[in-house]
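As a plain string of letters, each chain reads:
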Amino acid sequence: MALPSTISTAQALVGEGLPATLITQASDAHPKPQGHKFTYGTAGLRTKADTLDSTCFRVGLIGALRSKKLGGKTIGLMVTASHNPVEDNGVKMVDPRGEMLESSWEPFCTAIANAETSDELVASLEKLVAHFKVDLSAPASVVVGYDTRPSCQTLVKAIIDGLSAMGAQTIDAGLKTTPQLHYLVKCLNTQGTDEAYGEPTEEGYYKKLANAYIKLVSGKGESAPLTVDCANGVGAPALLNLTKYIPAEHLSVRALRTATSSPNELNHGCGADFVKTNQCLPAGYDKEDVKAGERMCSFDGDADRIVFYYLKGPAGAKESFRLLDGDKIASLAADYLSELVKVAGIDLELGCVQTAYANGSSTKYLKQRVPVTCTPTGVKHLHHAAESYDIGVYFEANGHGTILFSASAQRKIREASPGSPAAQGALEQLSALVDLINQTVGDALSDMLLVEVILRARQWGPEEWDGAYEDLPNKILKVNVKDRFLFKTEDAERRLTSPAGLQDKIDEVVGKYKDARSFVRPSGTEDCVRVYAECAIASELTPLATSVSKLVAEYA
Ligand code: G16
């Protein structure tokens, strides 16, 4: 819980070039698995953990160079494979404001991860240094966090070897949720400035969220219990810690799937991805005494996603399960914030960002109220698009998302002169929401509190929230193919450009069903191609999704 510890002292590199001898010696201890191809994907480098040692070492080198490029600002490296099974792992790279690594560095990361020998590695690093004009004499600072996977310990060690070879100051943040690491990065880079984001400790994170939450729910009555599936991951201890800062009358939580010491249970039959993909309760919930109307939610393995759900009727009856996914969270938040802005009497543009996975009904609902943009999958894309609004609400249907308040929006909220007590109240709420919402990245804990605040303010249960619109029946399928990189997309991943001819065939199939939509894209976190399908008539969904999947399999 204490401040992350500095585990190596910064040494500015002297001289002109890279410390090639140090890199080569260290790299020889982290050989690349021959012939293995790594790719920087949707959320960094991710694959089977037992192949990742060399990649992690190299990510340490890149993290140090990124920090040097930015004059010694602190970069974050988070070792996690998030929603993937326990045998996978990966690294998410975090830029100084807490956002994902600038995309122009991604191809260099891929090239560096794939250098076959230590000499090739040095050559590919030199290319990066030359391309981005990195000043090697600048200092470097990198903070490293990790989730509960057993493979994290050795992979963190490999990263630290990379950082040491570059003489970077290394801050060991220890076990963290991904959003906590993003928070720490932003705090470390803004402390002592006018834009100080918060105290750069895990405790500071809990206090910031808890204080804002308590302000927002005080006087709004007692909270009914919320059941939380922690995916047997790092979200479990984080939730437990958070609740220490919030009195039980304000937040009553029943934490399930908290077995972090049973690694094989991570994301197994539980977690946000399982619930969203299968559109059902976590496995075994029928024995957990869940009741109709009770609010439930699921985190994923690194607690950067959340989906809510409830039962309309008895547990066990499939038709009684109702999912309140990222789209529903976006609609809830967009409506609530739009109202607050109106009552506050300030002029701010609120917009929403979605991906192709957004349910057609949600897009229709949102478009009737606010501007909506569509980006490719990946927080990195949505986050940047959301920055173009004064208040940018971005959520992927799978539960990744947050809300960004631009600097000028925050100033307007702070400096506005309220024309009425109602306007004053709305401004106070907006100001507390700026603190409650983790503006660096989607955050299951922060989003959970946000939903709780809105439901309490509205005096709503999940059913009233669910009433905003009815989702079109939808399905996501995985198709295993020999080479997923053959599948290339355009138009925010809504259409395939390769393999040639496949999109026409998909269009032909989709045309046979009422109000249907389907798209195909390669996953950037798993070795598969994903097929999304939705249509108006529930009984037509399976034929639609399986027909498109068959087409994909035939081309693979
Ligand atoms: C990551 C990304 C998300 C993305 C998800 C699935 O999530 O951060 O933006 O939606 O992967 O991506 P894909 O369909 O390309 O596999 P997480 O929770 O796994 O880090």
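Computed from a predicted structure; not experimentally measured. (Residues numbered from 1 in each chain as written. Predicted model: local features only at pLDDT ≥ 70, side-chain atom pairs only at ≥ 80, totals over all residues. Heavy atoms only, no water.)

Undergrad: Explanation requested: the site of the ligand in the structure shown.
TA: As a matter of local geometry, the ligand sits amid 20 residues, with Thr42, His83, Glu396, Ser523 and Thr525 nearest to it. Between an oxygen atom of the ligand and a side-chain N or O atom of Ser523, the distance comes to 2.5 Å. Gly524 places a main-chain nitrogen or oxygen 2.6 Å from an oxygen atom of the ligand. Partitioned by chemical class, the residues of the shell around the ligand number 2 nonpolar, 10 polar and 8 charged. (Near = heavy atom within 4 Å. Polar contact = N/O pair within 3.5 Å; in protein donor to acceptor, adjacent residues only side chain to side chain. Nonpolar A, V, L, I, M, F, W, Y, C, P; charged D, E, K, R; others polar.)

Undergrad: What's the story with helix H15 (residues 444-458) in this structure? I'm lost.
TA: Within an α-helix, residues lying three or four positions from one another point in the same direction, as the helix has 3.6 residues per turn. Under the 1.5 Å per step criterion, the end-to-end length of H15 is 21 Å for 15 residues, consistent within 8% with the ideal 21 Å. Of all the 15 residues making up H15, 13 are buried; the element is thus mostly covered by neighbouring parts of the structure. Immediately beyond the C-terminal end of H15, within one or two residues, lies Gln459, with a positive phi of roughly 60°. (Helix = DSSP H or I, 4+ residues; strand = E, 2+ residues; numbered from the N terminus. Expected span 1.5 Å × (residues − 1). Buried < 20%, exposed > 50% of the residue type's maximum accessible area, 1.4 Å probe, protein only.)

Undergrad: Would you take a moment to explain the packing of aromatic side chains for this structure?
TA: Pairs of aromatic rings are described using the distance from one ring centre to the other and the angle between the two planes. Under the defined criterion, the tally for this structure stands at 12 aromatic pairs. Centroid distance Phe308 to Trp465: 5.4 Å. Interplanar angle 65°. Geometry classified as edge-to-face. Placement of the pair is Phe308 in strand S11 (residues 306-311) and Trp465 in helix H16 (residues 462-466), with a sequence separation of 157 residues. The same class applies to Phe308 and to Trp465, which are both buried. Centre to centre, the rings of Tyr365 and Tyr469 are 5.4 Å apart; their planes meet at 45°, and the pair counts as tilted. Placement of Tyr365 in helix H11 (residues 360-367) and of Tyr469 in the loop between H16 and strand S17 (474-479) is noted, with a sequence separation of 104 residues between them. Taken individually, Tyr365 and Tyr469 each receive the classification buried, so the pair is uniform in this respect. In this structure an aromatic cluster arises from ring pairing among Tyr183, Tyr197, Tyr205, Tyr206 and Tyr245. (Phe/Tyr/Trp six-rings, centres within 6.5 Å; stacked < 30°, edge-to-face > 60°.)

Undergrad: I tried to follow the packing of helix H10 (residues 326-344) against helix H14 (residues 421-436) on my own but got confused; where do I start?
TA: Describing two packed helices takes the angle between their axes plus the distance from one axis to the other. Across the interface, H10 lies against H14 with an axial gap of 7 Å and an inter-helix angle of 135°. Relative to H14, the element H10 lies oblique. For H10 against H14, the interelement crossing comes out left-handed. Contacts between H10 and H14 pair Tyr336, Leu337, Leu340, Val341, Val343 and Ala344 from the former with Ala422, Ala423, Ala426, Leu427, Gln429, Leu430 and Leu433 from the latter. Within the contact of H10 with H14, the residues separate by chemical class into 12 nonpolar, 1 polar and no charged. (Axes fitted to C-alpha atoms, helices over the stretch in contact; angles between N-to-C directions. Parallel < 35°, antiparallel > 145°, perpendicular 65-115°, else oblique. Left-handed = near helix turned anticlockwise from the far one by under 90°. Contact = heavy atoms within 4.5 Å.)

Undergrad: Would you take a moment to explain the pattern of salt bridges for this structure?
TA: Working definition: two side chains of opposite charge can pair if their charged atoms are close together. A full pass over the atoms with the stated rule returns 33 salt bridges. In this structure, Lys157 and Asp161 form a salt bridge, with 3.3 Å as the shortest nitrogen-oxygen distance. Taken together, the residues span about one helical turn, with Lys157 and Asp161 both in helix H5 (residues 152-165) at a distance of 4 residues. Judged by its relative accessible area of 23%, Asp161 falls in the partly exposed class. Measuring nitrogen to oxygen at the nearest pair gives 3.4 Å for the salt bridge that ties Glu294 to Arg254. Residue Glu294 is found in the loop between helix H9 (271-278) and strand S10 (295-299), and its partner Arg254 is found in strand S9 (residues 253-256); the two are separated by 40 residues along the sequence. Judged by its relative accessible area of 28%, Arg254 is partly exposed. Each of Arg322, Lys328, Asp466 and Glu470 takes part in a single network of salt bridges with overlapping partners. (Salt bridge = Lys/Arg side-chain N within 4 Å of Asp/Glu carboxyl O.)

Undergrad: Can you walk me through the sheet that holds strand S8 (residues 226-229) in this structure?
TA: Whether parallel or antiparallel, the strands of a sheet pair through hydrogen bonds between backbone atoms. Taken in spatial order, the 5 strands line up as S9-S8-S10-S11-S12 in an open sheet, and their pairing is mixed. One side of each edge strand has no neighbouring strand; the edge strands of this open sheet are S9 and strand S12 (321-324). Ignoring which end each strand starts from, the neighbouring axes of this sheet average 25° apart. When S8 meets S9, the two strands line up parallel, connected through 4 bridges. Within the sheet, the bridge partner assigned to Thr227 lies in S9 and is Arg254. (Pairing = 2+ DSSP bridges.)

Undergrad: Just to check I follow, could you spell out the domain arrangement of the protein for this structure?
TA: How big an interface is tends to be stated in terms of accessible area lost as the parts join. Segmentation of the protein into domains returns domain 1 (6-198), domain 2 (219-324), domain 3 (326-466) and domain 4 (474-555). Relative placement of domain 1 and domain 2: their C-alpha centres are 33 Å apart. The interface is formed by 16 residues belonging to domain 1 together with 18 residues belonging to domain 2. Across the domain 1 to domain 2 interface the summed buried area is about 1200 Å²; carbon plus sulfur atoms make up 61%. The largest share of the area that domain 1 buries against domain 2 comes from His83, Val86 and Thr148, three residues that together contribute 43% of it. (Domains from an automatic or database assignment. Buried area = accessible area lost by both parts, 1.4 Å probe.)

Undergrad: Teacher, can you tell me more about the confidence of the model for the protein here?
TA: Low-pLDDT portions of the prediction should not be read for the details of their coordinates. Looking at the protein as a whole, its pLDDT mean stands at 95, while 97% of the residues score no less than 70. Within the model, pLDDT remains below 50 along residues 9-14, and this stretch shows 14 contacts once partners closer than five positions in the same chain are excluded. (pLDDT = per-residue confidence, 0-100.)

Undergrad: What should I look at first to understand the UniProt feature "binding site: Mg(2+)" (unreviewed entry) in the protein in this one?
TA: With numbering matched to this structure, UniProt assigns "binding site: Mg(2+)" (unreviewed entry) to Ser82, Asp300, Asp302 and Asp304. Judged by maximum C-alpha separation, these annotated positions cover 223 residues in sequence but sit close together in space, the widest gap being only 8.0 Å. Mapping Asp300 onto the fold places it in the loop between S10 and S11. Classification of Asp300 by relative accessible area gives buried; the value is 0%. The contacts of Asp300, once residues within four sequence positions are left out, are Ser82, His83, Cys230, Ala231, Asn267, Ala272 and Arg305. A distance of 3.0 Å separates the side chain of Asp300 from the backbone nitrogen of Ala303, its partner in a polar contact. (UniProt positions renumbered as here; feature names shortened; annotations may be inferred.)

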